[in-house]
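This is what each chain is made of:
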Amino acid sequence: MPRKRDPNRDKAFELFNKHAGNITNREIAKQLDVLEKTISAWKSRDKWNEKIGGVVRSTTKKKRSTTKAKESSCRSVRREQVVNALVEAGTYSPALELLIELYLDAYEEYQEERTEKLRKELAKLLGQLGLDGKNKELIKKNGVLLAKESEEPKEKEEQEENNKLIQFRQRRMRSQ
């Protein structure tokens with residue numbers, strides 16, 4: 001046996017109709033001492049907007065969107081990751097901000113629709129930023145980035161080769 005219809009349900013619609021739909025669910029809930037979600041459910045199930053003239057009106061005050069905040073926080077986290085990677089690589093410059101923004105836009109688009117074309121676009125933008133993994137000649141040692149073959153070992157090798165060449169010439173001179 002179904003539950004008996006709440007008399008407040010009809011009173012809520014009367015209030016909504018009396019105000020021509022320009023009253024918030026919260027106000028109706030306060031006046032009838034019921035939950036705001038209950039008013040929202042009644043409004044949806046009984047199609048109040050259609051009954052008062054077919055115009056759909058929003059009667060709840062817009063709150064700050066949490067989805068947008070999450071998206072922007074995801075974006076800011078991703079931005080921080082990119083900037084940190086650039087700083088670690090020693091290539092960060094404020095001039096890269098526009099390119100970083102382009103990358104973040106492409107990344108958000110890729111998150112929504114994962115296509116090969118968007119993946120390639122992301123890879124291209126990472127390459128332009130210098131974060132595509134092709135800088136393998138850089139290694140990190142004690143928090144400082146160094147070239148794999150830094151100039152110091154090259155100079156030492158050249159000096160050793162020069163020393164060997166000098167020693168060879170000296171031996172040749174003695175033997176002659």
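Rules of the game
- Residues numbered from 1 in each chain as written.
- Predicted model: local features only at pLDDT ≥ 70, side-chain atom pairs only at ≥ 80, totals over all residues.
- Heavy atoms only, no water.
- Phe/Tyr/Trp six-rings, centres within 6.5 Å; stacked < 30°, edge-to-face > 60°.
- Helix = DSSP H or I, 4+ residues; strand = E, 2+ residues; numbered from the N terminus.
- Buried < 20%, exposed > 50% of the residue type's maximum accessible area, 1.4 Å probe, protein only.
- Lys NZ or Arg CZ within 6 Å of the ring centre and 35° of its normal.
- Expected span 1.5 Å × (residues − 1).
- Arc of directions from axis to C-beta.
- 1 Å grid on protein atoms, 1.4 Å probe; cavity = no way out; pocket = protein on both sides within 12 Å on 5 of 7 lines; lining within 4 Å.
- Points joined across faces, edges and corners; volume = space filled by probe spheres on them.
- Contact = heavy atoms within 4.5 Å.
- Polar contact = N/O pair within 3.5 Å; in protein donor to acceptor, adjacent residues only side chain to side chain.
- pLDDT = per-residue confidence, 0-100.

## Some remarks on the packing of aromatic side chains
- All told, the structure shown has three aromatic pairs when counted by the stated rule.
- Centroid distance F16 to W48: 5.3 Å. Interplanar angle 40 degrees. Geometry classified as tilted. With F16 in helix α1 (residues 7–18) and W48 in helix α4 (residues 48–51), this pair connects stretches of sequence that are 32 residues apart.
- Here F16 falls in the buried class, since its relative accessible area comes to 0%.
- Look at W48 and you get buried, because its relative accessible area is 1%.
- One aromatic cluster in this structure is built from F13, F16 and W48.
- Note that K51 overlies the ring of F13, its terminal NZ or CZ placed 5.4 Å from the centroid.

## Quick word on helix α6 (residues 97–112)
- Counted at 1.5 Å a residue, the expected span for α6 with its 16 residues is 22 Å, and the 23 Å between its end C-alpha atoms agrees.
- Within the sequence span of α6, burial applies to L99, I100, Y103, L104, A106 and Y110. Taken down its axis, α6 places every buried residue within 165 degrees of arc, on the same side. Among the exposed residues of α6, those pointing more than 90 degrees away from its buried face are L98 and E112.

## Brief notes about the layout of surface pockets
- The computed volume of the largest pocket comes to approximately 240 Å³.
- Along its surface, the largest pocket is lined by 11 residues, and C74, R75, Y107, E108 and Q111 are the ones closest to its centre.
- Listed by contribution, the elements that provide at least two residues to the lining of the largest pocket are α5 (66–89) and α6.
- With six residues, α5 is the largest single contributor of residues to the lining of the largest pocket.

## Structural notes on α1
- The end-to-end C-alpha distance of α1 is 17 Å, a good match for the 16 Å that 12 residues give at a rise of 1.5 Å each.
- All buried positions along α1 are accounted for by N8, R9, A12, L15 and F16. End-on view of α1: buried residues confined to an arc of 125 degrees, all on one side of the axis. Structural note: α1 exposes P7, E14 and K18 on the side pointing more than 90 degrees away from its buried face.
- Next to the buried residues of α1 lie α2 (25–32), α3 (36–45) and α4.
- Near the N-terminus of α1, the side chain that reaches the backbone nitrogen of N8, with its oxygen 2.9 Å away, is that of D6.
- Looking at the residues trailing α1, positive phi occurs at A20, about 55 degrees.

## What about the confidence of the model for the chain?
- Confidence along the chain averages 78 in pLDDT terms, with 74% of residues attaining 70 or more.
- At the level of individual helices and strands, the chain shows its lowest average pLDDT in strand β1 (residues 138–141), which scores 48, and its highest in α2, which scores 92.

## Comments concerning the environment of A12
- Looking at the element boundaries, A12 is found in helix α1.
- Along the primary structure A12 and L32 are separated by 20 residues, whereas in three dimensions their C-alpha atoms are 7.3 Å apart.

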